[in-house]
Amino acid sequence: SQQGEEDPQALSIQEGENATMNCSYKTSINNLQWYRQNSGRGLVHLILIRSNEREKHSGRLRVTLDTSKKSSSLLITASRAADTASYFCATARAGSYQLTFGKGTKLSVIP
Amino acid sequence: NAGVTQTPKFQVLKTGQSMTLQCAQDMNHNSMYWYRQDPGMGLRLIYYSASEGTTDKGEVPNGYNVSRLNKREFSLRLESAAPSQTSVYFCASSSGTQVRETQYFGPGTRLLVL
């Protein structure tokens, strides 16, 4: 079953704009991770945020976590054409050793 | 340092045929995983190996077997392929022994079962 669900399913923006993707989940988590997948490639880890953290930054990426709303957001600032990819959230549920991936948000950055 | 490598990159099978997907990592990671990705879907865990010598079922293990050959290698076998196993298969690894850690993925194997 899908634990994390990303929203929107697809997003198209102009280069230089910010992109925001959201992830909602259903049960308590140990951590939440964001991954990027370029077309035809494997997934690349972007950032991990633990359940006791509220915000993390990595370069142009900002991730927030609201455990009371069971949701997370990924913000990519000043987007570039190279950011065009699918973005997945993955949740590590408390008490489970499995990572559960959402269906992803497909981001298109138009030059 | 190649990271996680997978072979083959692409394979076509007929229903009922068998094959083994190979995966190797050179990062001295303890844990390894096999996922499948279907169109419009996220990744689903097939099997994982928390450490050398151990394997456990994931969300969708039916129709598959795995072998953790040594610390570096983790293979996935389809004994009798079915069209429902047409998918892209990803191998991943992580440094510790818990699945919920950061994972490093291979490039994938595209499998078509006719």
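Located above this text is the structure these notes cover.
Residues numbered from 1 in each chain as written. Chains lettered and ligands numbered in written order. Predicted model: local features only at pLDDT ≥ 70, side-chain atom pairs only at ≥ 80, totals over all residues. Heavy atoms only, no water.

Engineer: Sorry if this is basic, but what is going on with the state of the cysteines here?
Structural biologist: Simply put, disulfide is the name for a covalent bond between the sulfur atoms of two cysteines. Residue and element names in this part refer to chain A. By the definition in use, this model includes two disulfides over all chains. Note on cysteine connectivity: Cys 23 is disulfide-linked to Cys 89, with sulfurs 2.0 Å apart. Taking the sign of the torsion about the S-S bond as the criterion, the disulfide between Cys 23 and Cys 89, at about 60°, is right-handed. Of this pair, Cys 23 sits in strand E3 (residues 19-24) while Cys 89 sits in strand E9 (residues 85-93), placing them 66 residues apart in sequence. (Disulfide = S-S within 2.5 Å. Helix = DSSP H or I, 4+ residues; strand = E, 2+ residues; numbered from the N terminus.)

Engineer: I would appreciate a short explanation of a nonpolar patch on the surface in the present structure.
Structural biologist: A surface patch of nonpolar side chains, amounting to about 370 Å² of accessible area, comprises B:Phe10, B:Val12, B:Leu112 and B:Leu114. Note on placement: B:Val12 falls in strand E2 (residues 10-13). (Patch = residues over 30% accessible without salt bridge, like charges linked within 9 Å, V, L, I, M, F, W, Y side chains within 5 Å. Areas by Shrake-Rupley, 256 points an atom, 1.4 Å probe, with all protein chains shown as cover. Salt bridge = Lys/Arg side-chain N within 4 Å of Asp/Glu carboxyl O.)

Engineer: Got a minute to help me understand the packing of aromatic side chains in this structure?
Structural biologist: To describe a pair of aromatic rings, one takes the distance between the centres and the angle between the planes. Inspection of the entire model under this criterion finds eight aromatic pairs over all chains. Ring geometry for B:Tyr33 and B:Tyr35: centres 6.4 Å apart, planes at 45°, overall tilted. For B:Tyr35, a relative accessible area of 0% translates into the label buried. Taken together, the ring pairs in this structure connect A:Tyr35, A:Phe101, B:Tyr33, B:Tyr35, B:Tyr48 and B:Phe105 into an aromatic cluster. (Phe/Tyr/Trp six-rings, centres within 6.5 Å; stacked < 30°, edge-to-face > 60°. Buried < 20%, exposed > 50% of the residue type's maximum accessible area, 1.4 Å probe, protein only.)

Engineer: What exactly am I supposed to notice about unusual backbone geometry here?
Structural biologist: Among all residues save glycine, negative phi is the norm, and among peptide bonds the norm is trans. Following A:Asp7, the chain continues to A:Pro8 via a peptide bond in cis, the omega torsion being 0°. Counting through the fold element by element, A:Pro8 comes out in the loop between strand E1 (5-7) and strand E2 (10-14). With omega at -5°, the peptide bond leading from B:Thr7 into B:Pro8 counts as cis. Here A:Lys70, not a glycine, exhibits a phi torsion of approximately 55°, which is positive. When you line up the elements, A:Lys70 lands in the loop between strand E7 (61-66) and strand E8 (71-76). Of note, B:Asn28 is a non-glycine position whose phi angle comes to about 60°, a positive value.

Engineer: Help me understand the sheet that holds E7(A), please; the structure alone is not making it clear to me.
Structural biologist: Two pairing modes exist for strands in a sheet, parallel and antiparallel, and in both the strands are linked by backbone hydrogen bonds. Residues and elements named next belong to chain A. Spatially, five strands are ordered E1-E3-E8-E7-E6 in an open sheet, and the strand pairing comes out antiparallel. Two strands bound the open sheet, and with one partner strand each, they are E1 and strand E6 (55-58). Pairwise comparison of adjacent strand axes, ignoring direction, gives a mean angle of 20° for this sheet. Here E1 runs beside E3; their pairing, made up of three bridges, is antiparallel. Note that in E3 the partner of Glu 6 across the bridge is Cys 23. (Pairing = 2+ DSSP bridges. Axes fitted to C-alpha atoms, helices over the stretch in contact; angles between N-to-C directions.)

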